[in-house]
Amino acid sequence: MVGMGWFMCMMMMVCVVSCGEAAPGAKFEELYRSSWAMDHCVNDGEVTKLKLDNSSGAGFESRSKYLFGKVSIQIKLVEGDSAGTVTAFYMSSEGSNHNEFDFEFLGNTTGEPYIVQTNVYVNGVGNREQRLNLWFDPTTEFHTYSILWSKRSVVFMVDETPIRVHKNLEDKGIPFAKDQAMGVYSSIWNADDWATQGGLVKTDWSHAPFIASYKDFKIDACEVPTTADLSKCSGEEQRFWWDEPTVSELSLHQNHQLIWVRANHMIYDYCFDAARFPVTPLECQHHRHL
Ligand SMILES: *[C@@H]1O[C@H](CO)[C@@H](O)[C@H](O)[C@H]1NC(C)=O
Ligand SMILES: *[C@@H]1O[C@H](CO)[C@@H](O)[C@H](O)[C@H]1NC(C)=O
């Protein structure tokens, strides 16, 4: 449906429409829609923007649900002072026993580094945070953030460099996320109670609006017809490109990249937090260097 916003934009030759309306040729609407605060989600054709100000944050969600595959998006994070803000890109299923794979970008004061926090929830239980700094400034250019999900693992990637591998260790009795369809989500919100320097630095609203920009939306995943019917995506006989061992397991080169990221950019790993986990979480005991 072509709404008034699109008509106005044609008339004024300034094509900025809210995320609920279709801008011709834009991929965003094919895959996603605004999930809250539609007036804080703006499309200018190629780029979609989420805006946080003192009245609201904003979010978008995929139109479909998926079981396994690869989801990628290019994001340019809030420029300048982003302290107190969190921008998230994640996959999640629904319900109290939900599974979730998160990228959370914790803002900072001007010139200070963002933290990228990843987390994995399985059957409603998270507490698997890892944190790293990036090897570039994520606020000046678009960079690609991806989640590659197969029956063997969940791989988090930044510009195709793996930053985290969460393996399927069901053979060790550890549950893995593989039987709930997931949606894909992004949002920006105020989290100044914890995000920046542990909550010490508050959001400076005089610097609002805080804007995260998105483009190049890609979902190459198995779309489920309904969340009750997963057979198309999960049957034993089904094989997709992400099931190939060359894809679902890191290559030697990718392993080296991951080791480099962990050695040079990792600032926190729940696996080594003895104060929080006096008993090392079971999956950490099996994750050698991961
Ligand atoms: C929110 O920001 C606007 C514009 O900067 C300002 O006029 C308004 O007073 C602010 N509202 C609150 C509740 O702080
Ligand atoms: C913000 O910058 C400070 C100082 O460089 C740093 O300690 C902190 O880890 C950075 N990130 C966040 C999200 O607080």
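Quick notes on the rules
Residues numbered from 1 in each chain as written. Chains lettered and ligands numbered in written order. Predicted model: local features only at pLDDT ≥ 70, side-chain atom pairs only at ≥ 80, totals over all residues. Heavy atoms only, no water. UniProt positions renumbered as here; feature names shortened; annotations may be inferred. Pairing = 2+ DSSP bridges. Helix = DSSP H or I, 4+ residues; strand = E, 2+ residues; numbered from the N terminus. Axes fitted to C-alpha atoms, helices over the stretch in contact; angles between N-to-C directions. Contact = heavy atoms within 4.5 Å. Buried < 20%, exposed > 50% of the residue type's maximum accessible area, 1.4 Å probe, protein only. Salt bridge = Lys/Arg side-chain N within 4 Å of Asp/Glu carboxyl O.

The name an unreviewed UniProt entry assigns to the protein is Xyloglucan endotransglucosylase/hydrolase, from the organism Brassica napus. Of the protein, the UniProt comment under Function (unreviewed entry) reads exactly: "Catalyzes xyloglucan endohydrolysis (XEH) and/or endotransglycosylation (XET). Cleaves and religates xyloglucan polymers, an essential constituent of the primary cell wall, and thereby participates in cell wall construction of growing tissues." UniProt annotates the protein under Sequence similarities (unreviewed entry) with the comment "Belongs to the glycosyl hydrolase 16 family."

Caption draft 1: Representation of the sheet that holds strand β7 (residues 85–92) in the model. With antiparallel pairing, eight strands are arranged side by side in an open sheet as β2-β5-β14-β7-β8-β9-β10-β16. The open sheet terminates on both sides in strands that have one partner only, identified here as β2 (32–36) and β16 (266–269). Pairwise comparison of adjacent strand axes, ignoring direction, gives a mean angle of 15° for this sheet. With eight bridges joining them, β7 and strand β14 (residues 183–190) adopt antiparallel strand pairing. Residue Ala88 lies in a different strand from β14, and its bridge partner there is Ser187. With respect to the sheet, helix α5 (residues 252–265) is in contact with β10 (130–132) and β16, its orientation differing from that of β16 by roughly 95°.

Caption draft 2: Structural view of unusual backbone geometry. For the peptide bond that leads from Ala208 to Pro209, omega is 0°, which places it in the cis range. Of note in this structure, Gln197 is not a glycine but carries a positive phi near 45°. Given the relative accessible area of 53%, Gln197 is considered exposed.

Caption draft 3: Structural context of the pattern of salt bridges. Under the criterion given, the structure shown has 13 salt bridges. We note a salt bridge from Lys70 to Glu160, for which the minimum N-O separation is 3.0 Å. Taken as a pair, Lys70 in strand β6 (residues 66–76) and Glu160 in the loop between β12 (153–158) and β13 (161–167) lie far apart in primary sequence, 90 residues in all. Lys70 gets classed as buried once you look at its relative accessible area, which sits at 16%. Overall, Glu160 belongs to the partly exposed group, its relative accessible area being 39%.

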